[in-house]
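These are the residues of each chain, in order.
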Amino acid sequence: MITGDKVWFDGSLATSKSISVSLMSHGLHYGGGVFEGIRIYDTPRGRSIFRLRDHLCRFIDSAKYLRLNIEYDIDDLYEAVKLVVRANGPNADYIRPIAFYGETPNLSMNPLNIPSHVAIITVHMGSYIGNRQVQDGMDVIISSWEKSSNRTTSSMAKICGNYINLALAKLEATQAGVDEAIMINCNGTVAEGTGENLFIVRNGNVITPDLASGILEGITRDTVMRLAKASDYIVEERPIIRGELMVADEIFMTGTAAEIVPVRTINNVLVADGAPGPVTRHMQKLFHDVVRGRDARFIEWIDLIDDKSAEISDSLETFETES
Ligand SMILES: Cc1ncc(COP(=O)(O)O)c(C=O)c1O
C-alpha cells in the first residue's frame, strides 16, 4: 500500500513528512478518534469518489458519540477531500479521513477540553482482501472474540478504539491462515466481519443482520440492499443465527475496502458447494457498474473529482446505447 505524499491536516495541505503529532495524544493512548474509508473509482467521465457526502455524514456523526469537535463542516471536508485527492494524483484509490483528540494533559482519559485534529490521507489500496478471493470466494473463521455489544460502545460509530476488538479477530484469522473472521455478538447471533458487513442468501432472499446485532451501518451494505431491491429480491434486516450460516445458499461480505467478496468456507466447511452463487455474482456485477458510473439509476452516488456533471449524463447515454 503506497501512501500519498500530500495530506490535509487541520485546514491545509502539507507533505506527510512535515506533520508531527504529540506522543501525549488521547487518540494514541485511548483510541479517542473517528475515521472513514472511502473509495475512488474511474468512471467514463473521470475519477469519482463513491458516496462521498454519505461517508462525510457518518464521519461527523461518529464524532458526536465521542463529543469530538470537528471544526470543519461537511462542505469544508468535502472540498478538503477533493483537494488532497487531486494533489496525490491518479494512483490514490482510497481515502482515510481521521479526526482525533490530541494532547491530553496529565494523560487524563477525560476527553473534554482536549484539542482535536483532523487529517485526510490517501493510499493506493487495490483489492483489500485479494483478487482471487473476490473471484472465487474467501475462507473465514468464526472468531473466538465476541463482538463488542451496543452496550459496550456504539457499533454504529467508526471510533478508533472500537477497532481493537476487530483487530484481535483479524489477527486470529490471519494466524489461522484464512482471509477474514466473522464476529458473533453477545446474543449469539451474527454481527459482521472485521471490516465488512455480512449477507446471506436463503431461498432467494437477501438477508443481513439488523443494527441491533451490533454492526456498523455500512454504506456498502446500504448500497447492496438498495441494488438488491432494485433487482426485485426480498431484502430482510434481522438477526441471523449462527446455524443459518451453515445452511445458507450463499454468503458474501461487503465494505468500502473489501467491496463484495463471496465466502467460500467457514471454519473449513464449504458454504453450499463452495462456488460463488448467482445472487452474489449478480450483486458484484451490478455494484461494479454502479460505482463506475455506468448505471443511470444510481448516478447520484457518483461524485466526480473534477466536476463535469453536465457531461456524465451524455456519457451514460453513450454507454446505454453501446451495451
Ligand atoms: C466494522 C466494519 N463493518 C462494516 C464495514 C463496512 O462499511 P462500509 O461499507 O461503510 O465501508 C466497515 C468498513 O468501514 C467496518 O469497519
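Colleague: I keep staring at the domain arrangement of the protein chain and nothing clicks. Help me out?
Modeller: Examined at the domain level, the protein chain breaks down into domain 1 (2-124) and domain 2 (131-291). Relative to domain 2, the C-alpha centre of domain 1 lies at a distance of 26 Å. Each side of the interface is counted separately: domain 1 has 20 residues, and domain 2 has 21 residues. Roughly 1,800 Å² is buried in total at the junction of domain 1 and domain 2, and carbon and sulfur atoms are behind 63% of that figure. On inspection of domain 1 and its partner domain 2, the count reaches 1 salt bridge. At the boundary of domain 1 and domain 2, one finds 11 residue pairs in polar contact (both at pLDDT 80 or more). Secondary structure elements with two or more residues in the side of domain 1 that touches domain 2: strand S4 (33-35), strand S5 (38-43), helix H2 (52-65) and strand S7 (94-101). Here the side of domain 1 that touches domain 2 takes 5 residues from H2, the largest share from any one element.

Colleague: Explain empty space enclosed by the protein here, please?
Modeller: Empty space among the atoms can be located by rolling a probe the size of a water molecule over them. Throughout the structure, instances matching the rule amount to 3 cavities of 30 Å³ or more. What lines the largest cavity is Arg 39, Tyr 41, Phe 50, His 55, Ile 219, Thr 220, Gly 255, Thr 256 and Phe 287. Only S5 and helix H6 (219-230) provide two or more residues apiece to the lining of the largest cavity. Among the residues making up the lining of the largest cavity, the classes are represented as 4 nonpolar, 4 polar and 1 charged. Viewed by domain, the lining of the largest cavity spans two of them, domain 1 (2-124) and domain 2 (131-291), each represented by three or more residues.

Colleague: Could you clarify how one ought to interpret H2 in this entry?
Modeller: Given 3.6 residues per helical turn, the α-helix brings residues three or four places apart onto the same face. Compared with an ideal rise of 1.5 Å per residue, which puts 14 residues at 20 Å, H2 spans 21 Å between its outermost C-alpha atoms and is within 8% of the ideal. Listing the buried residues of H2 in full gives Leu 52, His 55, Leu 56, Arg 58, Phe 59, Ser 62 and Ala 63. Projected down its long axis, H2 carries its buried residues within an arc of 160°, all on one side. Positive phi appears at Arg 67, one or two residues downstream of H2, with a value of about 55°.

Colleague: I keep staring at the environment of Ala 275 and nothing clicks. Help me out?
Modeller: You can see Ala 275 is positioned in the loop between strand S17 (269-270) and helix H8 (278-291). Its relative accessible area of 46% is what places Ala 275 among the partly exposed residues. Expressed as a C-alpha distance, the spacing of Ala 275 and Pro 262, which sit 13 residues apart in the sequence, is 8.4 Å.

Colleague: I'm lost on the confidence of the model for the protein chain in this one. Help?
Modeller: Regions with low pLDDT should not have their predicted coordinates read in detail. In the predicted model, the protein chain carries a mean pLDDT of 94, and the fraction of residues at 70 or more is 94%. In the predicted structure, residues 309-323 sits below a pLDDT of 50 and forms 16 contacts with residues beyond four places in sequence or in another chain.

Colleague: Looking at this structure, how should I read the pattern of salt bridges?
Modeller: A side chain of one charge can pair with a side chain of the opposite charge when the charged atoms of the two come close. The final tally for this structure, using the stated rule, is 20 salt bridges. Glu 244 serves as the salt-bridge partner of Arg 238, at 2.8 Å between the closest nitrogen and oxygen. With a relative accessible area of 9%, Glu 244 lands in the buried category. Several salt bridges converge on common partners, so that one network encompasses Arg 51, Asp 54, Asp 222 and Arg 226.

Colleague: Just checking my understanding: could you explain the site of the ligand for this structure?
Modeller: Residues in close proximity to the ligand total 16 residues, the closest being Lys 158, Tyr 163, Glu 192, Thr 220 and Thr 256. Note that an oxygen atom of the ligand is positioned 2.8 Å from one of the side-chain N or O atoms of Arg 58. The side chain of Thr 220 places a nitrogen or oxygen atom 2.6 Å from an oxygen atom of the ligand. In the complex, the protein chains occlude 94% of the 390 Å² of accessible area that the ligand would expose alone. With respect to the detected pockets, the ligand is housed in the largest pocket. Of the residues in the shell around the ligand, the class split is 4 nonpolar, 8 polar and 4 charged.

Colleague: What is the right way to look at the nonpolar core in this model?
Modeller: One recurring pattern in soluble globular proteins is that nonpolar side chains are buried together. Ranked by size, the top nonpolar core spans 29 residues in total, and within it Val 34, Ile 49, Ile 70, Val 81, Ile 95 and Val 118 carry the most contacts. Breaking this core down by element, the ones donating at least two residues are S5, H2, helix H3 (74-88), S7 and strand S8 (116-124). With 6 residues, the single largest contributor to this core is H3. The contact partners of Val 34, leaving out residues within four places of it in the chain, are Phe 59, Ser 62, Ala 63, Leu 66, Leu 68, Pro 97, Ile 98, Ala 99, Lys 158, Ile 159 and Cys 160. In this structure, Phe 199, Leu 227, Phe 298 and Trp 301 belong to the second largest nonpolar core, which totals 22 residues.

Colleague: Explain the environment of Asn 205 to me, please; I cannot follow it from the model alone.
Modeller: Within the element layout of this structure, Asn 205 appears in strand S13 (residues 205-208). Considered as a pair, Asn 205 and Asp 249 are 44 residues apart in the sequence and their alpha carbons are 9.8 Å apart.

Colleague: Any chance you could explain the packing of H6 against H8 here in plain terms?
Modeller: The description of two packed helices rests on the angle between their axes and on the distance between the axes. Packing of H6 against H8 brings their axes to within 10 Å, and their N-to-C directions diverge by 110°. Taken together, the axis directions place H6 and H8 in an arrangement best described as roughly perpendicular. Here the hand of the crossing between H6 and H8 comes out right-handed. In contact with Thr 220, Thr 223, Val 224, Leu 227 and Ala 228 of H6, H8 contributes Met 283, Leu 286, Phe 287 and Val 290. Tallied by class, residues from the contact of H6 with H8 come to 7 nonpolar, 2 polar and no charged.

Here is what the cut-offs are and how they apply
Residues numbered from 1 in each chain as written. Predicted model: local features only at pLDDT ≥ 70, side-chain atom pairs only at ≥ 80, totals over all residues. Heavy atoms only, no water. Domains from an automatic or database assignment. Contact = heavy atoms within 4.5 Å. Buried area = accessible area lost by both parts, 1.4 Å probe. Salt bridge = Lys/Arg side-chain N within 4 Å of Asp/Glu carboxyl O. Polar contact = N/O pair within 3.5 Å; in protein donor to acceptor, adjacent residues only side chain to side chain. Helix = DSSP H or I, 4+ residues; strand = E, 2+ residues; numbered from the N terminus. 1 Å grid on protein atoms, 1.4 Å probe; cavity = no way out; pocket = protein on both sides within 12 Å on 5 of 7 lines; lining within 4 Å. Points joined across faces, edges and corners; volume = space filled by probe spheres on them. Nonpolar A, V, L, I, M, F, W, Y, C, P; charged D, E, K, R; others polar. Expected span 1.5 Å × (residues − 1). Buried < 20%, exposed > 50% of the residue type's maximum accessible area, 1.4 Å probe, protein only. Arc of directions from axis to C-beta. pLDDT = per-residue confidence, 0-100. Near = heavy atom within 4 Å. Areas by Shrake-Rupley, 256 points an atom, 1.4 Å probe, with all protein chains shown as cover. Sits in = over half its atoms within 2 Å of the grid points. Core = buried A, V, L, I, M, F, W, Y, C linked by side-chain atoms within 4.5 Å. Axes fitted to C-alpha atoms, helices over the stretch in contact; angles between N-to-C directions. Parallel < 35°, antiparallel > 145°, perpendicular 65-115°, else oblique. Left-handed = near helix turned anticlockwise from the far one by under 90°.

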